[in-house]
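Residue-level listing of the chains:
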Amino acid sequence: MRKRNESVTVEHERAAAAPAPLDKGCSLRHSLRLPAAADTGMKRPLGRRYGLWFRLRRLIIWLLGVYIAIPFLVKLCPAIQAKLVFLNFVRVPYFIDLKRPQDQGLNHTCNYYLQPEEDVTIGVWHTVPAALWKNARGKDQLWFEDALGSSHPVILYLHGNAGTRGGDHRVELYKVLSSLGYHVVTFDYRGWGDSIGSPSERGMTYDALHVFDWIKARSGDNPVYIWGHSLGTGVATNLVRRLCERETPPDALILESPFTNIREEARSHPFSVIYRYFPGFDWFFLDPITTSGIKFANDENVKYISCSLLILHAEDDPVVPFHLGKKLYNIAATSRSFRDYKVQFVPFHTDLGYRHKYIYRSPELPRILREFLGVSEHEHHH
């Protein structure tokens, strides 16, 4: 019995021990596989992270190189800054036929082409007052020119950079002014829209002078007002200063979203934010504008202007900061040249959301113009 128990115990122990080699083999195989799998799992995230960091670092170096290169490129090629000031190559909206203002809802508008200088042709739109809308249907250019002599005041509108005379917000303003009883004459400066020529501050000013004289030759004693928006305010003050110097001032000047001068505007423009604290910002970015002959010095021009002045500016203007319009008003209000004329500043609260180009939406605009230009008309006739 003892031997049998011992044999049973030995057999049991052998049976229990028999799988040991298998377990050992299995454990060996597991021990061979698991570390390998663990190593591969560690290498993959490490490799992925290293590859991602390498690409990110390469992108950062590339962006930094471009960031540093741009100021030098602008300095070496001042024409780049001139193009950024004018943005005449940006034509928005696209695919419109400027010869057909009626396609933009201006059924009482005629398209002209004038020639301020040899090799320069500018496209002009003339929108008659809404009261003449029915009479204007189907009429030719001669009828529209003669209509300038009717008993309605005329507004010469000078638009800002980028786009054309057919820009959406511009068209909406023409409609508002026409509904208030004004002729609206606007045009694309040389190099804009379908106008022929190369853009420059001198050229833009001369184009405006040519159109003003063209209007005066046809409008008789009707008041003629000049309205400039954004970059067009620089053209407007250039023009009106010249008109005052030759003693043929307009009946009033309206500046919408104006700046003081192009250097201060460029420094305040949202595009300049990423370089505003770059060492030598003025030397790299502002001096090339001056080198290109671009000044648009509204703050200097208003010291030589002798006619009523109205400034309209939205507090939430992201393109021309509100404080520049206010600063220009303060300069004009204390200038001797305006001592016999009305100078008015009308702000539009941020909550209205008029920003840079939507002041035409204001329901107060008709009243503002009626009250302001009514004074000018009185002065004109007396």
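Residues numbered from 1 in each chain as written. Predicted model: local features only at pLDDT ≥ 70, side-chain atom pairs only at ≥ 80, totals over all residues. Heavy atoms only, no water.

## Some words on the overall build of the protein
Link 1 in the chain: When you go through the protein residue by residue, the secondary structure sums to 13 helices and eight strands.
Link 2 in the chain: Classification of the 382 residues of the protein by burial places 46% in the buried group.
Link 3 in the chain: Restricting the contact set of the protein to residue pairs at least 6 apart, pairs at least 24 apart contribute 76%.
Link 4 in the chain: About 20100 Å² of surface is accessible on the protein, with carbon and sulfur atoms providing 58% of the total. (Helix = DSSP H or I, 4+ residues; strand = E, 2+ residues; numbered from the N terminus. Buried < 20%, exposed > 50% of the residue type's maximum accessible area, 1.4 Å probe, protein only. Contact = heavy atoms within 4.5 Å. Areas by Shrake-Rupley, 256 points an atom, 1.4 Å probe, with all protein chains shown as cover.)

## A short note on the packing of aromatic side chains
Link 1 in the chain: Per the stated rule, a full pass over the model turns up 12 aromatic pairs.
Link 2 in the chain: Ring centres 5.2 Å apart and planes at 80 degrees place the aromatic pair tryptophan 143 and phenylalanine 144 in the edge-to-face group.
Link 3 in the chain: Residue class for tryptophan 143 comes out partly exposed when judged on its relative accessible area of 23%.
Link 4 in the chain: Seen from their ring centres, phenylalanine 348 and tyrosine 354 are 5.8 Å apart, and the 65 degrees between their planes marks the pair as edge-to-face. (Phe/Tyr/Trp six-rings, centres within 6.5 Å; stacked < 30°, edge-to-face > 60°.)

## Considering the state of the cysteines
Link 1 in the chain: Under the defined criterion, the tally for this structure stands at zero disulfides.
Link 2 in the chain: The thiol of cysteine 307 is unpaired, and the distance to the nearest cysteine sulfur, on cysteine 244, comes to 5.2 Å. (Disulfide = S-S within 2.5 Å.)

## Side note on the layout of surface pockets
Link 1 in the chain: The space that makes up the largest pocket amounts to roughly 1100 Å³.
Link 2 in the chain: Looking at the lining of the largest pocket, the elements that each hand over two or more residues are helix H2 (20–76), helix H3 (78–86), helix H6 (168–179), helix H9 (262–268) and helix H10 (281–291).
Link 3 in the chain: Residue composition of the lining of the largest pocket, by class: 27 nonpolar, 11 polar and four charged. (1 Å grid on protein atoms, 1.4 Å probe; cavity = no way out; pocket = protein on both sides within 12 Å on 5 of 7 lines; lining within 4 Å. Points joined across faces, edges and corners; volume = space filled by probe spheres on them. Nonpolar A, V, L, I, M, F, W, Y, C, P; charged D, E, K, R; others polar.)

## Quick look at the pairing of strand E2 (residues 120–127)
Link 1 in the chain: Counting buried residues in E2 gives seven out of eight residues, a clear majority hidden from the surface.
Link 2 in the chain: Two strands pair when backbone bridges link them, and strand E1 (residues 109–117) and E2 are joined in this way by seven bridges, in the antiparallel orientation. Residue leucine 114 lies in a different strand from E2, and its bridge partner there is isoleucine 122.
Link 3 in the chain: The turn joining E1 and E2, which pair antiparallel and follow one another in sequence, is formed by two residues; a positive phi near 70 degrees is taken by aspartate 119. (Pairing = 2+ DSSP bridges.)

## Notes on the sheet that holds E1
Link 1 in the chain: Strand order in the open sheet made by the eight strands is E1-E2-E4-E3-E5-E6-E7-E8, with mixed pairing throughout. The outermost strands of the open sheet, each flanked by one partner alone, are E1 and strand E8 (343–348). In this sheet, neighbouring strand axes are inclined to one another by 20 degrees on average, regardless of whether the strands run parallel or antiparallel.
Link 2 in the chain: Looking at chain direction, strand E5 (residues 224–229) and strand E6 (residues 252–256) are connected through five bridges and run parallel. Each residue of the ladder has a partner; that of glycine 228, found in E6, is leucine 255. (Axes fitted to C-alpha atoms, helices over the stretch in contact; angles between N-to-C directions.)

## Here's the deal with the pattern of salt bridges
Side chains carrying opposite charge are able to pair once their charged atoms draw close together.
Link 1 in the chain: All chains considered together, the criterion is met by 17 salt bridges.
Link 2 in the chain: A salt bridge links aspartate 194 to arginine 165; its shortest N-O distance comes to 2.8 Å. Pair noted here: aspartate 194 is in the loop between strand E4 (183–187) and helix H7 (201–219) and arginine 165 is in the loop between strand E3 (154–158) and H6, with a separation of 29 residues, a long-range link.
Link 3 in the chain: Taking relative accessible area as the criterion, aspartate 194 reaches 21% and is therefore assigned partly exposed.
Link 4 in the chain: On the basis of relative accessible area, arginine 165 is assigned to the buried category, the value being 0%.
Link 5 in the chain: With a closest N to O distance of 2.8 Å, arginine 367 and glutamate 364 form a salt bridge.
Link 6 in the chain: Given the relative accessible area of 33%, arginine 367 is considered partly exposed.
Link 7 in the chain: Look at glutamate 364 and you get partly exposed, because its relative accessible area is 39%.
Link 8 in the chain: Among the charged side chains, a salt-bridge network with shared partners connects Glu117, Arg190, Arg202 and Asp207. (Salt bridge = Lys/Arg side-chain N within 4 Å of Asp/Glu carboxyl O.)

## Description of the environment of glycine 325
Link 1 in the chain: As for its placement among the helices and strands, glycine 325 is situated in helix H12 (residues 322–333).
Link 2 in the chain: Put simply, glycine 325 and leucine 255 are 70 residues apart on the chain and 9.0 Å apart in space, counted from C-alpha to C-alpha.
Link 3 in the chain: Other than its neighbours up to four places away in sequence, glycine 325 contacts Pro258, Ile311, His313 and Phe345.

## Quick notes on the confidence of the model for the protein
Link 1 in the chain: Per-residue pLDDT for the protein has a mean of 86; in total, 85% of the residues score no lower than 70.
Link 2 in the chain: Considering only residues more than four positions removed or in separate chains, one finds that residues 22–32, a stretch of pLDDT under 50, has two contacts.
Link 3 in the chain: Confidence drops under a pLDDT of 50 for residues 375–382, and excluding neighbours within four residues, the segment shows 15 contacts in the predicted structure. (pLDDT = per-residue confidence, 0-100.)

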